[in-house]
Amino acid sequence: MLHPAFSAIDCYQPGLLSEAPFWRGHLPFAGVIVALLRPRLIVELGVQHGDSLFTFAEAAGRHAPATMVTGIDAWQGDAHVGDQPHWIHARVSARAAKFPNVRLIRKRFADAADQIEDGSVDLLHLDGGHAEEDVRADLSAFLPKLAPDGVILMHDITAYCQGFGVWRVWQELAATHPVFSFAHSAGLGVLAPKGVPSALARVLAGDDSENHALATTFAALGRGVLTRFSTPDQIARAERIGKLPLPADLAPDTQLAKALAEARW
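Just so we're clear, the structure is a prediction, and the values are computed from it rather than from any experiment.

Caption draft 1: Spatial organisation of the environment of glycine 119. Position of glycine 119 relative to the elements: it lies in the loop between α4 (109-112) and β4 (121-126). C-alpha separation for the pair glycine 119 and alanine 236, spaced 117 residues apart in sequence, amounts to 40 Å. Leave out the neighbours within four places in its chain, and glycine 119 touches Pro144, Lys145, Leu146, Ala147 and Pro148.

Caption draft 2: Layout of the nonpolar core. Counting 44 residues, the largest nonpolar core has Ile33, Phe56, Leu123 and Val190 as the members making the most contacts within it. Mapped by element, the contributors of at least two residues to this core are α1 (27-37), α2 (51-63), α3 (86-96), β5 (146-155), β6 (179-182), β7 (188-191) and α7 (208-229). Sort the elements by how many residues they give to this core and α1 lands first, with eight residues. Contact partners of leucine 123, with chain neighbours within four places excluded, come to Ile33, Val34, Leu37, Pro39, Leu41, Ile42, Val43, Phe56, Val151 and Leu153. Grouped together as the second largest cluster of nonpolar side chains are 32 residues, Phe109, Ala112, Leu139 and Leu256 included.

Caption draft 3: Focus on the side chain of arginine 24. The topology assignment puts arginine 24 in the segment before α1. An unpaired buried charge is present at arginine 24: no salt bridge exists, and aspartate 51, the closest side chain of opposite charge, is 4.1 Å distant. The residues contacting arginine 24, other than those within four sequence positions of it, are Leu17, Ser18, Glu19, Asp51, Ser185, Val225, Leu226, Phe229, Ser230 and Gln234.

About the thresholds
- Residues numbered from 1 in each chain as written.
- Predicted model: local features only at pLDDT ≥ 70, side-chain atom pairs only at ≥ 80, totals over all residues.
- Heavy atoms only, no water.
- Helix = DSSP H or I, 4+ residues; strand = E, 2+ residues; numbered from the N terminus.
- Contact = heavy atoms within 4.5 Å.
- Core = buried A, V, L, I, M, F, W, Y, C linked by side-chain atoms within 4.5 Å.
- Buried < 20%, exposed > 50% of the residue type's maximum accessible area, 1.4 Å probe, protein only.
- Lys, Arg positive; Asp, Glu negative; His and termini not counted.
- Salt bridge = Lys/Arg side-chain N within 4 Å of Asp/Glu carboxyl O.

Shown next, in the form of structure tokens:
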């Protein structure tokens, strides 16, 4: 019998998906991790169009009704995503109003940190600034907010674009903490920096064969979402990230190396 969490694979609403395709491949896993962890509080840094935020909220509504989801973003853009037109925040706010478990904070991350209680966040999604110094600053500001067995999701760990430094920070974290890596859809890292929650103990135990199978399974599921709910242009934009050359100084991490070779797109 399949674990009940797998019924959360479809916890996203295609009608709510934005034009941005880069997180689309992780929507199935987003539903599953919420169903597994049943977090009290999810905090997302970098909401932009809200695809991941509303997937977390939808999964929580079905599988963890007590979960609150807080999205933090200034909606001002940066060097990588460009300026953000005002309608993006307006549209996200209108969608958020339909979810009783969603709260939006329109501030820069450092300015919003004091609105999140220390030790209260069970699932923290980092998808804000992509420069190395920005990622380090976000971790510094929000790591104290994480619960003792809280989990961090870090997007863009395999986005080797010019100016992106997420992968460098991820390399350091993966060397010293329990982690799991998805290589597809610009990469998603799963990190337990303080303590491993029981629901993810097996995933974060580091069994290469099991983790490789899990990574390829969710890459295939994500590919299905991308192809089913995306235009040809959106598919091409998402795939372009996966075709960028690997940095010469990328550490040969066994788990991620296998995923990069077989499940990166």
